[in-house]
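Architecture and fold: a report
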Amino acid sequence: MFSSYGKPHTTIILSVGTLLFIASLLLQWWLVGAGLLIVIGGLMAFFRDPDRRVPTMRGQVVAPADGRVSSIHSLEHYEPFDGPAVCVRIFLSVLDVHVNRAPMHGRISSITHKPGEYLNALKAESAERNESVTVVLRHPTHDYPVAAVRQVSGAIARRIVTGVQEHDILQRGQRFGMIKFGSTTEVYLPHPDRVTVQVRQGQYIYGGETVVAHVRPQVDAPLLKSASPAATPAD
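This structure is a prediction, so every number in the text was calculated from the model and none was measured.

About the cut-offs
Residues numbered from 1 in each chain as written. Predicted model: local features only at pLDDT ≥ 70, side-chain atom pairs only at ≥ 80, totals over all residues. Heavy atoms only, no water. Helix = DSSP H or I, 4+ residues; strand = E, 2+ residues; numbered from the N terminus. Buried < 20%, exposed > 50% of the residue type's maximum accessible area, 1.4 Å probe, protein only. Contact = heavy atoms within 4.5 Å. Areas by Shrake-Rupley, 256 points an atom, 1.4 Å probe, with all protein chains shown as cover. Phe/Tyr/Trp six-rings, centres within 6.5 Å; stacked < 30°, edge-to-face > 60°. Pairing = 2+ DSSP bridges. Axes fitted to C-alpha atoms, helices over the stretch in contact; angles between N-to-C directions.

Helix and strand counts for the chain stand at 3 helices and 14 strands. Here the chain, with 235 residues, has 48% of them falling under the buried criterion. Sequence separation of 24 or more characterises 73% of the internal contacts of the chain that already satisfy a separation of 6 or more. Accessible surface, the chain: about 12,000 Å² in total, of which carbon and sulfur atoms supply 59%.

Spelled out as structure tokens, the structure:
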């Protein structure tokens, strides 16, 4: 299964690759043909989008992307939450699945694009200086922030796709975008005192499937007057 976010690319790769492969066979360039098959297979694999078994237990936060945990740190003040937060940063190599998924059930309150550089994602400063898109999720009923996902570009990844809009409601584990080629994805969670991180630095995790944290519910949040019973989340 290939990601719909990469459909234009996969169509071009298959079309051009097939023509070049046929040409190499007609010219009897066997080694060139074999090399083309490897390249085509590698490029197509980048846009793969496997199904995942999403955890359903209340309060679980799933990984927003495949990759290796490169950092777990706390922030005294995270502006989208107007308060402290804990961040789990994930590094994605060019071999990883690059589809992004919602870490929790929530309503998108904002999508913020930040222009920037295209430093190598292995450099620590790339997370702060590179181009990024931040998607903030709020509780659909109580309207408090539940999570934020930040898609960060890299030296190769220069195309961030966010296939959602403000006010959309995402289910936990639902696909919402993609970063094309190597990059970084971060998940931010408010109220660190209620967050128990379930992963460790250096661990390889799977988007939509690995539980990165458990959040104790906020029990004192007022209901929105406009909320409907159908909007009550599972998180």
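As a further point, take the packing of aromatic side chains. This model, assessed by the stated rule, comprises 3 aromatic pairs. With a centroid separation of 4.1 Å and 5 degrees between ring planes, the pair formed by tyrosine 78 and tyrosine 188 is classed as stacked. Here tyrosine 188 lies in strand β11 (residues 183-190) and tyrosine 78 lies in strand β2 (residues 67-78), a separation of 110 residues in the sequence. What makes tyrosine 78 buried here is its relative accessible area of 9%. Here tyrosine 188 falls in the buried class, since its relative accessible area comes to 4%. Ring centres 5.1 Å apart and planes at 70 degrees place the aromatic pair tyrosine 204 and tyrosine 206 in the edge-to-face group. On the basis of relative accessibility, which here comes to 26%, the residue tyrosine 204 falls in the partly exposed class. By relative accessible area, which is 37% here, tyrosine 206 ends up partly exposed. An aromatic cluster is defined as three or more aromatic residues linked by ring pairs; in this entry it consists of Tyr78, Phe81 and Tyr188.

What follows concerns the sheet that holds β2. Spatially, the 8 strands line up as an open sheet ordered β9-β5-β6-β7-β11-β3-β2-β13, and their pairing is antiparallel. Unpaired on one side and paired on the other, β9 (169-170) and β13 (204-205) mark the two borders of the sheet. Bridge count between strand β5 (residues 106-114) and β9: 2 bridges; the pairing is antiparallel. Along β9, the bridge assignment pairs glycine 106 with leucine 170.

Take the pairing of β2 next. Here β2 runs beside β13; their pairing, made up of 2 bridges, is antiparallel. Among the inter-strand pairings, glycine 67 is bridged to a residue of β13, identified as isoleucine 205. The pairing of β2 with strand β3 (residues 83-92) spans 8 bridges and is classified as antiparallel. Paired with valine 69 across the strands is isoleucine 90, a residue of β3. Between β2 and β3, which pair antiparallel and follow one another directly, the connecting turn spans 4 residues, one of which, aspartate 82, has a positive phi of 55 degrees.

Right, let's get into the sheet that holds strand β8 (residues 160-162). Spatially, the 3 strands line up as an open sheet ordered β4-β10-β8, and their pairing is antiparallel. Two strands bound the open sheet, and with one partner strand each, they are β4 (99-101) and β8. Looking at each pair of strands side by side, their axes are set apart by 25 degrees on average, direction ignored. Where β8 and strand β10 (residues 175-179) come together, 3 bridges link them in antiparallel fashion. Note on β10: the bridge partner recorded for valine 161 is methionine 178.

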